[in-house]
Amino acid sequence: MGLPPFAEVEMNQYPPVSMPTTVEQAWAEAQKPGSTFVAGGTIVQMRREQGFDMGNRFVSLEQIRRLKTMIETDTAIYIGAFATLAECLNSKMVAQEQPLLVQALASIGAPAVRNRATLGGNIVYGKGDSIPALLVLEANVVLYHDGLATMPLSEWLQQKPNALLTEVEIGKWPDMTQRFWLYEKVGRRETFTASLVTVAGVAVLDNDQTIKELKLAVGGGEMVPHRLLEIEQRLIGKPLTNELLADVYQFIKQTGTLVGTPFATETYLRMVLANRIVSFVDGLRGGRGDGKTNDSL
Ligand SMILES: Cc1cc2nc3c(=O)[nH]c(=O)nc-3n(C[C@H](O)[C@H](O)[C@H](O)COP(=O)(O)OP(=O)(O)OC[C@H]3O[C@@H](n4cnc5c(N)ncnc54)[C@H](O)[C@@H]3O)c2cc1C
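Calculation notes
- Residues numbered from 1 in each chain as written.
- Predicted model: local features only at pLDDT ≥ 70, side-chain atom pairs only at ≥ 80, totals over all residues.
- Heavy atoms only, no water.
- Domains from an automatic or database assignment.
- Contact = heavy atoms within 4.5 Å.
- Buried area = accessible area lost by both parts, 1.4 Å probe.
- Salt bridge = Lys/Arg side-chain N within 4 Å of Asp/Glu carboxyl O.
- Polar contact = N/O pair within 3.5 Å; in protein donor to acceptor, adjacent residues only side chain to side chain.
- Helix = DSSP H or I, 4+ residues; strand = E, 2+ residues; numbered from the N terminus.
- Phe/Tyr/Trp six-rings, centres within 6.5 Å; stacked < 30°, edge-to-face > 60°.
- Buried < 20%, exposed > 50% of the residue type's maximum accessible area, 1.4 Å probe, protein only.
- Lys NZ or Arg CZ within 6 Å of the ring centre and 35° of its normal.
- Pairing = 2+ DSSP bridges.
- Axes fitted to C-alpha atoms, helices over the stretch in contact; angles between N-to-C directions.
- Near = heavy atom within 4 Å.
- Areas by Shrake-Rupley, 256 points an atom, 1.4 Å probe, with all protein chains shown as cover.
- Nonpolar A, V, L, I, M, F, W, Y, C, P; charged D, E, K, R; others polar.

Draft legend 1. A look at the domain arrangement of the protein chain. Along its sequence, the protein chain is organised into domain 1 (68–171) and domain 2 (180–292). The interface is formed by 19 residues belonging to domain 1 together with 22 residues belonging to domain 2. Summed over both partners, the interface of domain 1 with domain 2 buries about 1,700 Å², with 66% contributed by carbon and sulfur atoms. If you sort the residues of domain 1 by the area they bury against domain 2, K127, P132 and V136 come out on top, with a joint share of 32%. Along the contact surface separating domain 1 from domain 2 lie four salt bridges. The interface formed by domain 1 and domain 2 holds eight residue pairs in polar contact (both at pLDDT 80 or more) in total. For the side of domain 1 that touches domain 2, the secondary structure elements donating two or more residues are α6 (99–106) and α9 (130–136). Of all the elements, α9 adds the most residues to the side of domain 1 that touches domain 2, at five residues.

Given below as structure tokens:
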């Protein structure tokens, strides 16, 4: 009895991969026991190498044309779940319609990761840095589960239904309203670093310099990304006085649940969040944000 040839040993280490060409086929394949969807594979591969149970067969989404499509209507853009982060960053449509998303995607990984990693994988992973940006953009996810259905991303994060993510739908910002936005991923160093806390925001000011619309979201670390509705409510419709900003600063520092890590306590994360949100709102008084839509509006 001899050892099996080297090539056979190598082959046996890898589970089978099916390559469906339609969403329906992919879903049917995924119903077979032990199946895991794989898109860019950047998380799947890492988890597998770390010893996580990733099932015993993969369903690759790579051959499904529908999942790579990026289209726009008068009111929304649709990004296929298999669009890579690099493709989103190179898309004129995404740059023009949702510069906040571009800023978020540019903060993820390094070019080699962004060339493989997909937007769908970043969302389904559940802690991706695109999610806070997509939450403040009030994005919807289109899911396949014995038929197509659309649900707000915020609901998907609560329910995590067993489904194939096919597209992300993001409403366009109406041209005539100037919006200010905030996106910051705070890590342990400047670039190519995991997020300790990621914060995103979008604001619209009224003529009297009160905040008319405000959406804020947080993610990063081990946190499930979520909207910061209580903080939003404290700021909407109020004159942006120093007293209000001081009150909101204390509120953020003292309340809300953030998840600390071995490298950053919850208290530290709250302070970072308070600093970043209050400096964004303070900047609105001077017409500043991390970015803003057309100055001439
Ligand atoms: C070196 C390195 C650095 C990284 N840096 C960052 C970072 O800075 N920020 C960040 O957010 N992430 C980071 N990541 C994590 C990861 O690369 C991204 O989250 C990426 O977008 C995942 O996409 P993917 O296509 O590779 O997902 P995959 O690994 O293919 O899949 C991830 C999960 O989603 C499921 N899945 C994928 N697509 C679908 C779909 N359409 N429908 C249903 N389920 C699906 C898979 O089954 C799997 O459970 C990093 C990863 C590495 C290896």
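Draft legend 2. Spotlight on the packing of aromatic side chains. Within the structure shown, the criterion is met by two aromatic pairs. Between W27 and Y144, the ring centres sit 6.5 Å apart and the planes meet at 70°, which makes this aromatic pair edge-to-face. Of the two residues, W27 sits in helix α2 (residues 23–30) while Y144 sits in strand β6 (residues 140–144), which places them 117 residues apart along the sequence. Note on accessibility: W27 and Y144 belong to one class, buried. Both rings, one in W173 and one in W181, keep their centres 5.8 Å apart while their planes meet at 35°; by these two values the pair is tilted. Grouping residues by exposure puts W173 and W181 together as buried. The side chain of R47 reaches across the aromatic face of F52, ending 5.7 Å from its centre. Positioned above the aromatic ring of F251, the side-chain terminus of R234 is 3.8 Å from the ring centre.

Draft legend 3. Focus on the sheet that holds strand β3 (residues 57–60). On the basis of which strands lie adjacent, the open sheet formed by three strands has the order β1-β3-β2 and parallel pairing. Looking along the sheet, the strands with just one partner apiece sit at the ends: β1 (17–18) and β2 (35–38). By the bridge criterion, four bridges tie β2 to β3 in an arrangement that is parallel. Pairing of V38 across the sheet is with S60, part of β3. Each of β1, β2 and β3 is contacted by α2, which is oriented at about 145° to β2, the strand it contacts most.

Draft legend 4. Main features of the site of the ligand. Around the ligand sit 29 residues in total, of which F37, T42, T118, D129 and K185 are the nearest. Contact distances for the ligand include 2.8 Å between an oxygen atom and a backbone N or O atom of G41. A distance of 2.9 Å is found between a nitrogen atom of the ligand and a backbone nitrogen or oxygen belonging to L165. Within the complex, 87% of the 980 Å² of free accessible area of the ligand lies under protein. At the level of secondary structure, the elements contributing two or more residues to the shell around the ligand comprise β2, α3 (42–49), α8 (119–124) and β8 (164–171). Of the residues forming the shell around the ligand, the biggest block, four residues, is contributed by α3. Residue classes in the shell around the ligand are distributed as 17 nonpolar, ten polar and two charged.

Draft legend 5. Spatial organisation of the pattern of salt bridges. In this structure the tally under the stated criterion is 17 salt bridges. Salt-bridge contacts for K185 lead to D129; the nearest nitrogen and oxygen are separated by 3.2 Å. Linking K185 in strand β9 (residues 180–187) with D129 in the loop between α8 and α9, this pair joins segments that are 56 residues apart in sequence. Between K215 and E138 there is a salt bridge; the shortest N-O distance is 3.8 Å. Here K215, found in strand β11 (residues 211–219), pairs with E138, found in the loop between α9 and β6; they are 77 residues apart in sequence, far enough to count as distant. Look at K215 and you get buried, because its relative accessible area is 16%. Each of E138, R179, E213, K215, R227 and E232 takes part in one network of salt bridges that share partners.

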